[in-house]
Amino acid sequence: VGEMSWWSRLLEGDPAIDVQKIEPENSNLSDLSPEIRQTVEQMMFDQKQKAMGKPTMKDQKNQAMLQKFMQAHPEMDFSQCKFG
């Protein structure tokens, strides 16, 4: 109880479902709602960035906020700070 699992058959007495034979339909990003599409595109971007060892979208936003903060506070010394 409480665990997710696949049903082995649709109804009792039916033959077992062989999930190895199931071929999902090809889908396009254009089939998705704008909100879901944006999320999927961001996930794809982040995955690609990580694979190349580059910062994700969130990392880029955090770096931009930090730069803005540092520029807004030139009186503070950030030379000894370690980021990342």
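None of these values were measured; they are calculated from a predicted model.

On the surface, Trp7, Leu10, Leu11, Ile17, Val19 and Ile22 cluster together into a nonpolar patch covering about 660 Å² of accessible area. Relative to the assigned elements, Ile22 resides in the segment before α1 (34-51).

On to the packing of aromatic side chains. Note on aromatic pairs: each is described by the distance of the centres and the angle between the planes. Per the counting criterion, the structure on display carries one aromatic pair. Arranged with centres 6.1 Å apart and planes meeting at 80°, the rings of Phe69 and Phe78 form a pair that is edge-to-face. The class of Phe78 is buried, set by a relative accessible area of 17%.

Here Asp46 is to be found in helix α1. If we skip the residues at most four places from it in the chain, Asp46 touches Thr56 and Met57.

So, on to the side chain of Gln49. If you trace the backbone, Gln49 turns up in helix α1. Note on Gln49: relative accessible area 10%, which makes it buried. Filtering out sequence-adjacent residues up to four positions away, Gln49 remains in contact with Lys54, Pro55, Thr56 and Gln60.

What counts, and at which threshold
Residues numbered from 1 in each chain as written. Predicted model: local features only at pLDDT ≥ 70, side-chain atom pairs only at ≥ 80, totals over all residues. Heavy atoms only, no water. Patch = residues over 30% accessible without salt bridge, like charges linked within 9 Å, V, L, I, M, F, W, Y side chains within 5 Å. Areas by Shrake-Rupley, 256 points an atom, 1.4 Å probe, with all protein chains shown as cover. Salt bridge = Lys/Arg side-chain N within 4 Å of Asp/Glu carboxyl O. Helix = DSSP H or I, 4+ residues; strand = E, 2+ residues; numbered from the N terminus. Phe/Tyr/Trp six-rings, centres within 6.5 Å; stacked < 30°, edge-to-face > 60°. Buried < 20%, exposed > 50% of the residue type's maximum accessible area, 1.4 Å probe, protein only. Contact = heavy atoms within 4.5 Å.

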